[in-house]
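Chain residues, written in single-letter form:
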Amino acid sequence: MRTREGHMACPTCHGSGTISGPRKVDVRIPAGIQAGKKLRVPGGGHRGMNGRGGDLFLLIQDQPDSRLTRQGDNLEVNFEVPFTTAALGGEVKVEGLGS
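These notes cover the structure that comes with them. (Residues numbered from 1 in each chain as written. Predicted model: local features only at pLDDT ≥ 70, side-chain atom pairs only at ≥ 80, totals over all residues. Heavy atoms only, no water.)

## Details of the overall build of the protein chain
Part 1 of the reasoning: When helices and strands are tallied, the protein chain shows 1 helix and 4 strands.
Part 2 of the reasoning: Secondary structure elements of the protein chain, listed N to C terminal, follow the sequence β-β-β-β-α.
Part 3 of the reasoning: In the protein chain, buried positions account for 9% of the 99 residues.
Part 4 of the reasoning: Summed over all atoms, the accessible surface of the protein chain reaches about 9000 Å², with 52% contributed by carbon and sulfur. (Helix = DSSP H or I, 4+ residues; strand = E, 2+ residues; numbered from the N terminus. Buried < 20%, exposed > 50% of the residue type's maximum accessible area, 1.4 Å probe, protein only. Areas by Shrake-Rupley, 256 points an atom, 1.4 Å probe, with all protein chains shown as cover.)

Structural data, given as structure tokens:
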């Protein structure tokens, strides 16, 4: 295949100048964002005819976790603390996200 100028077309994009397929996009998710909200990532979408990336929109969904409950912007966990630790002080290990 040849381009309009008569050159051999790139075997990857076939002269279109763009490549479709999966790619990694780094996104910062704000703390406390609610499920159902849309998050806009400027320039994270498909490239247009002008060569610039369009915007990528993400729909936020909660992933259920039986250990946690949501109270507004906060995540809460209930766990038992031994009486002696509560009365005399000490340390308790609490599992969080990714644990």
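## As for the pattern of salt bridges
Part 1 of the reasoning: Summed over the entire model, instances satisfying the criterion amount to 3 salt bridges.
Part 2 of the reasoning: With a shortest N-O distance of 2.8 Å, Asp65 and Arg67 are connected by a salt bridge.
Part 3 of the reasoning: Of the residues examined, Asp65 reaches a relative accessible area of 25% and is grouped as partly exposed. (Salt bridge = Lys/Arg side-chain N within 4 Å of Asp/Glu carboxyl O.)

## Quick word on a nonpolar patch on the surface
Part 1 of the reasoning: Taken together, the side chains of Phe79, Val81, Val92 and Val94 define a hydrophobic patch exposed on the protein surface, amounting to about 300 Å² of accessible area.
Part 2 of the reasoning: Summarising the element assignment, Val94 is placed in the segment after α1 (83–88). (Patch = residues over 30% accessible without salt bridge, like charges linked within 9 Å, V, L, I, M, F, W, Y side chains within 5 Å.)

## Structural notes on the environment of Asp62
Part 1 of the reasoning: Position of Asp62 among the secondary structure elements: in the loop between β2 (56–59) and β3 (69–71).
Part 2 of the reasoning: The exposure class of Asp62 is partly exposed, given its relative accessible area of 45%.
Part 3 of the reasoning: The spatial distance from the C-alpha of Asp62 to the C-alpha of Ile33 is 9.5 Å, given a sequence separation of 29 residues.
Part 4 of the reasoning: When sequence neighbours within four positions are dropped, the list of residues in contact with Asp62 reads Ala35 and Arg70.
Part 5 of the reasoning: Here Arg70 takes part through its side chain, which lies 3.3 Å from a polar atom of the side chain of Asp62. (Contact = heavy atoms within 4.5 Å. Polar contact = N/O pair within 3.5 Å; in protein donor to acceptor, adjacent residues only side chain to side chain.)

## Re the environment of Asp73
Part 1 of the reasoning: Structurally, the position occupied by Asp73 is in the loop between β3 and β4 (74–76).
Part 2 of the reasoning: Ignoring anything within four residues of it in the chain, the contact list for Asp73 reads Gly32 and Gln34.

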